[in-house]
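The residues making up each chain are set out below.
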Amino acid sequence: MSTALNTPSIADQFAAREADGPALILEGVGKKFGDSYAVRDVSFELEQGTFLTMLGPSGSGKSTTLNMIAGFLDPTEGTIRLRGRDITTLLPNKRAIGMVFQNYSLFPHLNVLRNVAFPLEVRGMKRREAAAKAAAALELVELGHRARAFPKELSGGQQQRVALARAIVFEPDLLLMDEPLGALDKRLRETMQISIKNIAEQLNSTVVFVTHDQEEALVMSDQIAIYNDGGIEQYGTSQDLYENPASIFVADFIGESNILRGQMSQGALAVGGQVFPIPTRSKGRISDGDRAAIIVRPEQVTLRSRHSRADTAQVKGPEVQGTVREVIYLGTAYRFYVSCDLGFEIEVRVRRHLPEGETRKGERVSVSWAPEDISLVPSDEA
Ligand SMILES: Nc1ncnc2c1ncn2[C@@H]1O[C@H](COP(=O)(O)OP(=O)(O)O)[C@@H](O)[C@H]1O
Ligand SMILES: [Mg+2]
């Protein structure tokens with residue numbers, strides 16, 4: 001009896017083994033169409049329950065990667081593992097993966113309940129049992145009351161909820177979503193972002209989500225993979241990507257940034273005849289003489305004008321003089337565009353209640369930033 005109590009059941013052992021190690025592993029995955037690579041050398045590991053977003057411009061290889069994970073495309077090279085099992089060439093219907101596309105792809109002749117029950121019925125589940133599970137999945141997406149409706153009687157957002165219920169009804173090991181909110185208007189998209197995130201958390205699902213919308217990626221993700229030209233340019237949390245972008249491309253894609261290109265000289269960056277200190281963490285990463293850029297976020301810039309109070313002007317780096325070219329009121333903040341005498345423009349964000357907010361177009365000002373706040377990245381452009 002004590003043995004029975006102390007020995008984990010087979011189900012527990014299975015659960016424990018499944019919980020071990022990453023849920024999804026991609027290793028050197030590539031896909032060629034004809035002579036050219038649509039996806040090159042993609043590798044990452046996802047822990048169970050992680051929400052990964054692939055973010056990048058159109059044509060950068062996001063859907064191709066997703067379709068290889070789903071099994072709709074065979075990789076030209078590399079390996080894909082799901083819960084420890086090599087699935088690289090396994091048929092899609094053997095993969096236990098749920099998928100949601102941008103066009104809801106519901107069956108028009110089946111009602112909502114039958115649409116959601118469909119994946120269970122093709123897996124051989126009895127119709128009554130499948131209907132009960134489908135009803136539970138519909139409750140989860142808050143559409144229990146529309147079970148008897150047909151897809152065309154539902155709004156776009158509701159149809160996408162049905163598609164989501166259908167993707168999760170068989171408790172897949174992995175949920176893939178390819179721009180699922182792309183067809184919805186902004187308000188509805190924001191509501192759906194939160195509900196998808198909540199449902200994924202509730203089910204502890206591992207999710208790979210594709211979007212080209214950076215805000216959507218920031219709202220939803222635990223991890224973000226920034227795609228550029230068929231490869232992952234940077235992989236990390238939203239905070240990593242925002243605070244430590246590895247390239248101009250990433251800085252440009254996530255958030256707003258001032259990008260100052262120059263040349264490394266004695267461990268600092270020379271731009272337009274002035275030398276800017278670089279963050280300590282970047283020291284030694286780029287050699288003297290090489291081209292590089294500093295990334296300064298608009299909210300990291302200190303603006304000093306005749307309205308500033310001496311004690312609020314916190315100048316922590318070199319000051320650059322300039323003239324305010326434009327002021328934009330954003331409600332909680334002002335955005336200033338400052339034409340600097342050194343020849344570049346700096347965008348500044350100032351909270352509305354600060355005295356600097358009184359500054360107007362045409363006024364002379366100075367801008368500065370703390371070297372530790374900014375990022376240094378390579379630049380091959382002149
Ligand atoms: N079936 C295909 N045949 C040939 N080229 C393709 C095919 N599918 C995608 N591509 C190409 O692969 C690249 C990546 O496409 P895709 O993965 O759809 O990008 P994304 O989803 O990031 O917009 C694009 O250049 C696209 O034209
Ligand atoms: Mg795509």
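Residues numbered from 1 in each chain as written. Chains lettered and ligands numbered in written order. Predicted model: local features only at pLDDT ≥ 70, side-chain atom pairs only at ≥ 80, totals over all residues.

Participant: For this particular structure, what's the right way to read the overall build of the protein?
Facilitator: The helix and strand inventory of the protein stands at 10 helices and 20 strands. The C-alpha extent of the protein, read off along each of the three principal axes, is 75 × 60 × 45 Å. Counting across all 382 residues of the protein, residues that qualify as buried make up 37%. Here the contacts in the protein between residues at least 6 apart in sequence split such that 65% fall between residues at least 24 apart. (Helix = DSSP H or I, 4+ residues; strand = E, 2+ residues; numbered from the N terminus. Buried ≥ 20, exposed ≤ 12 C-beta atoms within 10 Å, placed from the backbone. Contact = placed C-beta atoms within 7 Å.)

Participant: Quick question: what am I supposed to make of the site of ligand 1 here?
Facilitator: Taken together, the neighbourhood of ligand 1 is formed by Phe 33, Ala 38, Gly 56, Ser 58, Gly 59, Ser 60, Gly 61, Lys 62, Ser 63 and Thr 64. The element best represented in the shell around ligand 1 is helix H3 (residues 62-70), accounting for three residues. Taken together, the residues of the shell around ligand 1 break down into two nonpolar, seven polar and one charged. (Near = placed C-beta within 6 Å. Nonpolar A, V, L, I, M, F, W, Y, C, P; charged D, E, K, R; others polar.)

Participant: Whenever I open this one, the sheet that holds strand E14 (residues 291-296) confuses me. Can you help?
Facilitator: Backbone hydrogen bonds hold the strands of a sheet together, and the pairing may be parallel or antiparallel. Spatial strand order, E13-E12-E11-E14-E20: five strands in an open sheet with antiparallel pairing. Looking along the sheet, the strands with just one partner apiece sit at the ends: strand E13 (274-277) and strand E20 (375-378). Taking each pair of neighbouring strands and ignoring which way they run, the sheet shows an average axis angle of 45°. (Pairing = 2+ DSSP bridges. Axes fitted to C-alpha atoms, helices over the stretch in contact; angles between N-to-C directions.)

Participant: Can you help me understand the packing of helix H6 (residues 156-168) against helix H7 (residues 186-203) in this one?
Facilitator: Pairs of packed helices are described in terms of their axes, by the angle between the two and the distance that separates them. In the contact formed by H6 and H7, the axes pass within 11 Å of each other and the chain directions differ by 15°. Judged by the inter-axis angle, H6 sits roughly parallel to H7. Crossing angle aside, the handedness with which H6 passes H7 is right-handed. Residues Gly 157, Gln 160, Leu 164 and Ile 168 of H6 touch H7, and the partners they reach there are Leu 188, Met 192, Ile 196 and Leu 203. (Parallel < 35°, antiparallel > 145°, perpendicular 65-115°, else oblique. Left-handed = near helix turned anticlockwise from the far one by under 90°.)

Participant: How should the confidence of the model for the protein be read in this particular structure?
Facilitator: Reading fine detail from the predicted coordinates is not recommended where pLDDT is low. For the protein, per-residue confidence averages 91 on the pLDDT scale, and residues scoring 70 or more make up 93% of the total. Across residues 1-5, where pLDDT falls below 50, the model places zero contacts with residues more than four positions away in sequence or in other chains. (pLDDT = per-residue confidence, 0-100.)

Participant: Sorry, what's going on with the sheet that holds strand E1 (residues 24-33) here?
Facilitator: In spatial order, the strands read E2-E1-E4-E5; together these four strands make up an open sheet with antiparallel pairing. Bordering the open sheet on either side are strand E2 (36-46) and strand E5 (85-86), each of which pairs with just one other strand. Relative to E5, strand E4 (residues 77-82) is paired through two bridges, and the arrangement is antiparallel. Bridge assignment links Arg 81 to a residue of E5, and that residue is Asp 86.

Participant: Would you mind showing me how to read unusual backbone geometry here?
Facilitator: Note: most peptide bonds trans; most residues except glycine with negative phi. The phi dihedral of Ala 96 falls on the positive side, at around 55°, and the residue is not glycine. Assignment of secondary structure puts Ala 96 in the loop between E5 and strand E6 (97-100). You will see that Gln 266, though not glycine, has its phi angle at about 50°, which is positive. Examined against the element boundaries, Gln 266 turns out to sit in the loop between strand E11 (258-265) and strand E12 (268-271).

Participant: Where do I start with helix H4 (residues 112-122) in this structure?
Facilitator: Side chains three or four residues apart in an α-helix point the same way, a direct result of the helix having 3.6 residues per turn. Along H4, the positions that sit buried rather than exposed are Val 112, Leu 113, Asn 115, Val 116, Ala 117, Pro 119 and Leu 120. Of the surrounding elements, those touching the buried residues of H4 are helix H5 (127-140) and H6. Count one or two residues on from H4 and you reach Gly 124, which has phi positive near 95°.

Participant: Just checking my understanding: could you explain the environment of Glu 171 for this structure?
Facilitator: Along the chain, Glu 171 falls in the loop between H6 and strand E7 (174-178). Expressed as a C-alpha distance, the spacing of Glu 171 and Leu 203, which sit 32 residues apart in the sequence, is 8.6 Å.

Participant: Looking at this structure, I do not really get the packing of H4 against H5. What am I missing?
Facilitator: Close contact between H4 and H5 brings their axes to 8 Å; oriented N to C, the two are set at 120°. One way to sum up the angle between H4 and H5 is to call them oblique. At the point where H4 passes H5, the crossing takes the right-handed sense. Here Val 112, Leu 113, Val 116, Ala 117, Leu 120 and Glu 121 of H4 lie close against H5, whose contacting residues are Arg 127, Ala 130, Ala 131, Lys 133, Ala 134, Ala 135, Ala 137 and Leu 138. Residues belonging to the contact of H4 with H5 are distributed by class as follows: 11 nonpolar, no polar and three charged.

Participant: Honestly, H7 in this entry has me stumped. Any pointers?
Facilitator: Relative to the 26 Å expected for 18 residues at 1.5 Å per residue, H7 spans 26 Å between its end C-alpha atoms, a close match to the ideal helical length. For H7, the complete set of buried residues consists of Arg 189, Met 192, Gln 193, Ile 196, Ile 199 and Ala 200. Looking straight down H7, one finds its buried side chains confined to an arc of 145°; they lie on one side. Exposed residues lying more than 90 degrees from the buried face of H7 are Arg 187, Ile 194, Asn 198, Glu 201 and Gln 202. Where the residues of H7 are buried, they touch strand E3 (51-55), H5, H6, E7, strand E8 (207-211) and helix H8 (214-220). In the stretch just after H7, Asn 204 is the one whose phi turns positive, near 50°. (Expected span 1.5 Å × (residues − 1). Arc of directions from axis to C-beta.)

Participant: Even after reading the chapter, I still don't get the pairing of E14, so can you show me in this structure?
Facilitator: Side chains on a regular strand alternate between the two faces of the sheet. Judged by how many residues are buried, E14 sits mostly within the fold: five of six residues are covered. Across six bridges, E11 lies against E14 in antiparallel orientation. Each residue of the ladder has a partner; that of Arg 261, found in E14, is Ala 293.

Participant: I keep staring at the nonpolar core and nothing clicks. Help me out?
Facilitator: One recurring pattern in soluble globular proteins: nonpolar side chains tend to sit buried together. Among the nonpolar cores identified, the biggest contains 94 residues, and Val 116, Ala 165, Leu 176 and Ile 294 are the most heavily contacted of them. Per-element tally for this core: the top contributor is H6, with six residues. Those residues in contact with Ala 165, other than ones at most four positions away along the chain, are Val 116, Ala 137, Leu 138, Leu 140, Val 141 and Leu 143. (Core = buried A, V, L, I, M, F, W, Y, C linked by C-beta atoms within 7 Å.)

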